[in-house]
Amino acid sequence: MKLVVIGNGMVGHKLLEELADVPHLSITVLCEEPRPAYDRVHLSEFFSGKTADDLSLVAPGFFDRANITLKLNAKAVGIDRAAKLVQLEDGETVPYDQLVLATGSYPFVPPVTGRDRNGCLVYRTIEDLEAMTEWGKKSKVGVVVGGGLLGLECAKALKDMGLQTHVVEFAPRLMTVQVDDMGGRLLRRKIEAMGVQVHTGKNTLEITDGAGLGVGGRHAMKFADGSQLQTDMIVFSAGIRPRDELARVAGLIRGERGGILIDNQCKTSDPSIYAIGECALWNGKIFGLVAPGYDMARIVAKQIIAGDEAAAAPQFNGADMSTKLKLLGVDVASIGDAQGTTPGSLTYLFNDDVAGHYKKLVVTADGKQLIGAVLVGEANDYGTLLQMALNGIPLPAQPESLILPSVEGGAKGIGIDMLPATASICSCNNVSKGDLCSAIEGGATSLGALKKCTKAATSCGGCLPLVKQVLDAELKKSGVLVLNHLCEHFAHSRQELFHLVKVGGQKTFDETILAHGKGRGCDVCKPTVASILASCWNEHVLKPKHASVQDTNDYYLANIQKDGTYSVVPRIPGGEITPDKLIVIGQVAKDYGLYTKITGGQRIDLFGARVEQLPEIWGALVAAGFESGHAYGKSLRTVKSCVGSTWCRYGVQDSVTMAIRIEERYRGLRSPHKIKMAVSGCTRECAEAQSKDVGVIATEKGWNLYVAGNGGMKPRHAELLASDVDDETLIKLIDRFLMLYIRTGDRLQRTATWIENLEGGLSYVKKVVIDDSLGLCAELEADMARQVETYECEWKKAITTPETLKRFSHFVNSKEADSNIQFVDERGQIRPKSALEKRVVESGEVAP
């Protein structure tokens, strides 16, 4: 059967993935753009360094399949429904038996006079991003028209380009669909604190000449209230409109305000034509999120596969539009009836202006069911609240406990057993709790097997904790003992093994496995024990008795990259560096031909070092006063800081001095996972301390200490441990917190996950490290003091130890470099040549 798909966006490509292995299909994909499917959800990351290849959704070799033909730059301009032909702009026709319209949407540009001036752009495709990049190079000020999801994503892009950024919104608040007035005010305040100026209630009448390009005013935006705004570039991101022009010229039924009308099978008014994604109108609704589009793609795939039995195949019955977003670093979540429009509905509100958190619950008139929620500033309980709303889970006797901080019986206390089998655990891959339970019953009794069998937690990974909870709960029901053993060689958890080593005094892996384990060890237990030994005794990790059990990064004291070279990251405490030291880094990079990049933690990374070059590079850096930045270790990475009261007019404390003190105290500290810290000089939070494992924010009276934040795959805001403490108290509390984490954390467990899984959570930590409920504080402080006293730079130790230096050679019998590693020039710096580039050069092919 000949299937033609018009459009190769995210939703169109999801359909292809569902149909890729169906033998009786011959699929032709018409893609109007010059490249196949890419991730539009994360477009703003293009301005943080990601390339078009990084954003690609196409697996290697996907379009090499025999049954799929991809046509790029192939714009469809007509559909001959009688002859079943698609007409292309270049005159070619493509026959079909069944046709799927996945044409998506286009950005809405308000009908403002002057909207077509040079420097007035839209935010939709890779080409749009490239145009923005070019304009950004010659601009100082940028404006985004639109304060919704796409508009704020676009604002982040302008910020990443280094522009003074404004957001202009016609409505009286930002994100009018997702949040209410109070949530909108908090969102605005947090975004403005990051340096983005927000203008709401602004009706743009026209765009005319401004003061001049490069001085902030090529354009002047004139508003209905008489005010105006000068800017160099304007990006329209004021919503989307369905691309339904093909349906119009083909005579398919459309909605009054656009959109291709579809039924529950996603069929249009022509039974041979389907429509999916943002071009489709179902029950009067157009779904502007990717998850409903994926659902449509799965439904159509099943309809096509079922053929004559399609009526019995699953059908599309709408989609939940709940969303959890991170916009300019701010958590924003919206669930169900977030605005409380249901007749008789009641609301619970919690607003904390100091911490920057706003939470709202919308419940039924009888107070028994959750039907909506808004979370701004902190959205850790989004998953639990969403499951309660979707599955009708009864509310607790005091529903407010779900949003009040640190209240027992809150959202964290809801067990996995309360979720019905129909509860969606992994929305990316449409996996329900029932699917997981069936797979476990069928023999998928490990997390890896369960992920492979169901694909749950294999996309964004945000559902992994829930998947693990379902697995453990089902195994316990089956009478299977759920063990927390480190591996087959140690019948202990990491926490248990830490205490055994601490009490038993074992100093090597061999002593540890002899006393507490069995066998020879593995890739799981060896680096874990190595980390425990380093945490307990702080001996150099490359001593002969320790070196063999380190992982690759620790073994070479550098981060291995995908091409086999290494990166070198010298420590720069607090981000403060002298001109002389900057010159040394630049000279080292030039001498060894290294690619240089400033990291998100205010450090300079040097890429492309060969293994035999590492000691020489370290020697040059150490001679200039640098130390290892431990970017390779499960240890303290960085302590990020703003400029604080020394320079900033808003600063109330010297954040740089405190950041340096903290970093120099905890450098080299080995732990279950990496640790990141930050110190902000005021509540404007320029160092982003509330997304760190340890975050310190200055107040007029001292310091606020936040702990257990995480800016990784599952972002989590840190929680307030102590307020307005002085310098010495701050250091004591950090000592205690870190040593408690090191003692009790599981293998490769960040502080965010650790505190969530810790019985009692933050309340328990407060009791231990502040109230000394276990009588451990003096011991924890003494342990940290020993760490500080025994610190030595691992690079310096390595280059002054002849035995250690012997391992730093690529070939045993030669000092030659590896000729397989080749480099190319990119933006004035070298980078490793990809396998594709090598193949093109060697074979004479034309580069794609």
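Being a predicted model, the structure only gives us computed values, none of them experimental.

Looking only at helices and strands, one finds 27 helices and 38 strands in the chain. Relative to the compact-globule value of 29 Å for 848 residues, the chain shows a C-alpha radius of gyration of 29 Å, a close match. Taken along the three principal axes of its C-alpha coordinates, the chain extends 80 × 65 × 65 Å. Among the 848 residues that make up the chain, the fraction classed as buried is 51%. For the chain, restricting intrachain contacts to residue pairs at least 6 apart in sequence, the fraction spanning at least 24 positions comes to 61%.

Counting residues in hydrophobic clusters, the biggest one holds 55 residues, and the most contacted among them are Ile662, Tyr666 and Leu738. At 10 residues, the largest contribution of residues to this core is made by helix H21 (residues 727–744). Discounting residues that sit within four places of it in the chain, Ile662 has contacts with Val639, Met677, Val679, Val696, Ile731 and Ile734. Ranked by size, the runner-up nonpolar core spans 54 residues in total, among them Val58, Ile260, Ala297 and Ile304.

With that settled, the discussion passes to the sheet that holds strand E5 (residues 85–88). Pairing is antiparallel across the open sheet formed by 3 strands, whose spatial order is E4-E5-E6. The sheet is open, and its two edges are formed by strand E4 (76–80) and strand E6 (93–95), each paired on a single side. Across the sheet, the axes of successive neighbouring strands diverge by a mean angle of 25 degrees, strand direction being ignored.

Bringing unusual backbone geometry into the picture now. A positive phi is found at Lys84, a non-glycine position, where the angle reads about 55 degrees. Tracing the sequence through the fold places Lys84 in the loop between E4 and E5. Not every positive phi belongs to a glycine, and Met175 is a case in point at roughly 45 degrees. Taking relative accessible area as the criterion, Met175 reaches 2% and is therefore assigned buried.

Let us look at the packing of helix H1 (residues 10–19) against helix H7 (residues 290–306). Contact pair H1 / H7: the axes reach a minimum separation of 8 Å and the direction vectors enclose 35 degrees. Where H1 crosses over H7, the two elements pack in a sense that is right-handed. Contacts from Met10, Val11, Lys14, Leu15, Glu18 and Leu19 in H1 reach Val290, Gly293, Tyr294, Ala297, Arg298, Val300, Ala301, Ile304 and Ile305 in H7. Taken together, the residues of the contact of H1 with H7 sort by class into 11 nonpolar, 1 polar and 3 charged.

Turning to the pattern of salt bridges, a few remarks are in order. In the structure shown here, the tally under the stated rule is 40 salt bridges. For Glu17, the salt bridge is made with Lys14, and the minimal N-O distance between the two is 3.6 Å. With Glu17 and Lys14 both in helix H1 and 3 residues apart, this pair spans about one turn of that helix. On the basis of relative accessibility, which here comes to 38%, the residue Glu17 falls in the partly exposed class. The class of Lys14 is buried, set by a relative accessible area of 9%.

Right, let's get into helix H12 (residues 494–504). Residues spaced three or four apart along an α-helix point in a common direction, a consequence of the helix completing one turn every 3.6 residues. Those residues of H12 that sit buried are Arg494, Leu497, Phe498 and Val501. Viewed along the axis of H12, the buried residues span an arc of 105 degrees, placing them on a single side of the element. Those residues of H12 hidden inside the fold are in contact with helix H13 (509–516), helix H14 (525–537) and H21. Downstream of H12 by a residue or two, Gly505 has a phi angle that is positive, lying close to 75 degrees.

Here we come to the sheet that holds strand E34 (residues 694–699). Judged by pairing direction, the sheet is mixed, and its 5 strands sit side by side in the order E32-E33-E34-E35-E36 without closing on themselves. The two strands at the open ends of the sheet, each matched to only one other strand, are strand E32 (636–641) and strand E36 (719–725). The average angle at which neighbouring strand axes cross in this sheet is 15 degrees, direction not considered. Pairing analysis gives 4 bridges linking strand E33 (residues 675–680) to E34, with the strands arranged parallel. In the strand pairing of E34, Val679 is matched with Val696. Taken strand by strand, helix H20 (residues 655–666) contacts E32, E33, E34 and strand E35 (702–707), and its axis lies near 175 degrees from that of E32.

Right, let's get into the environment of Gln653. Tracing the backbone through its elements, the reader meets Gln653 in the loop between helix H19 (644–647) and H20. Sequence separation between Gln653 and Thr28 is 625 residues, and the spatial gap between their C-alpha atoms is 63 Å. Beyond its immediate stretch of four places on either side in the chain, Gln653 contacts Gly644, Ser645, Gly681, Ala698, Thr699, Glu700, Lys701, Gly702 and Trp703. Only 3.1 Å separates the side chain of Gln653 from the backbone oxygen of Thr699, close enough to count as a polar contact.

To continue, consider the confidence of the model for the chain. Any segment with low pLDDT has predicted coordinates that should not be analysed in fine detail. For the chain, per-residue confidence averages 87 on the pLDDT scale, and residues scoring 70 or more make up 92% of the total. Low pLDDT, under 50, characterises residues 407–413; the predicted model gives this stretch 9 contacts beyond four residues in sequence or across chains. In this model, residues 834–848 is a region of pLDDT below 50 whose contacts with residues beyond four sequence positions or in other chains number 13 contacts.

We now examine the packing of aromatic side chains. Applying the stated criterion across every chain yields a total of 13 aromatic pairs. The ring of Phe108 has Arg241 lying over it, and the distance from NZ or CZ to the ring centre is 4.0 Å. Its end group placed over the ring of Tyr650, Arg684 keeps NZ or CZ at 3.9 Å from the ring centre.

Next up on the list: the pairing of strand E14 (residues 217–223). Successive side chains on a regular strand alternate, one facing one side of the sheet and the next facing the other. Of all the 7 residues making up E14, 5 are buried; the element is thus mostly covered by neighbouring parts of the structure. Note: strand E13 (residues 204–212) against E14, 6 bridges, orientation antiparallel. Looking at E14, one finds that Glu206 is bridged to Lys222. The sheet contact formed by E14 and strand E15 (residues 228–231) spans 4 bridges and is antiparallel. Following the sheet pairing, Ala220 is matched in E15 by Gln230. Here E14 hands over to E15 after 4 residues, with Gly226 in that stretch at a positive phi of 95 degrees.

Once that is clear, we can look at the side chain of Thr804. In this fold, Thr804 is placed in helix H26 (residues 802–805). Residue contacts for Thr804: discarding those within four places in its chain leaves Leu542 and Ala798.

Running from amino to carboxyl end, H12 crosses H21 at an angle of 105 degrees, the nearest separation of the two axes being 7 Å. The orientation of H12 relative to H21 falls into the category roughly perpendicular. Across from Arg494, Gln495, Phe498 and His499 in H12, the residues of H21 making contact are Ile742, Arg743 and Thr744. Here the residues of the contact of H12 with H21 sort into 2 nonpolar, 3 polar and 2 charged.

Rules of the game
- Residues numbered from 1 in each chain as written.
- Predicted model: local features only at pLDDT ≥ 70, side-chain atom pairs only at ≥ 80, totals over all residues.
- Heavy atoms only, no water.
- Helix = DSSP H or I, 4+ residues; strand = E, 2+ residues; numbered from the N terminus.
- Rg over C-alpha atoms; globule rule 2.2 N^0.38 Å.
- Buried < 20%, exposed > 50% of the residue type's maximum accessible area, 1.4 Å probe, protein only.
- Contact = heavy atoms within 4.5 Å.
- Core = buried A, V, L, I, M, F, W, Y, C linked by side-chain atoms within 4.5 Å.
- Pairing = 2+ DSSP bridges.
- Axes fitted to C-alpha atoms, helices over the stretch in contact; angles between N-to-C directions.
- Left-handed = near helix turned anticlockwise from the far one by under 90°.
- Nonpolar A, V, L, I, M, F, W, Y, C, P; charged D, E, K, R; others polar.
- Salt bridge = Lys/Arg side-chain N within 4 Å of Asp/Glu carboxyl O.
- Arc of directions from axis to C-beta.
- Polar contact = N/O pair within 3.5 Å; in protein donor to acceptor, adjacent residues only side chain to side chain.
- pLDDT = per-residue confidence, 0-100.
- Phe/Tyr/Trp six-rings, centres within 6.5 Å; stacked < 30°, edge-to-face > 60°.
- Lys NZ or Arg CZ within 6 Å of the ring centre and 35° of its normal.
- Parallel < 35°, antiparallel > 145°, perpendicular 65-115°, else oblique.

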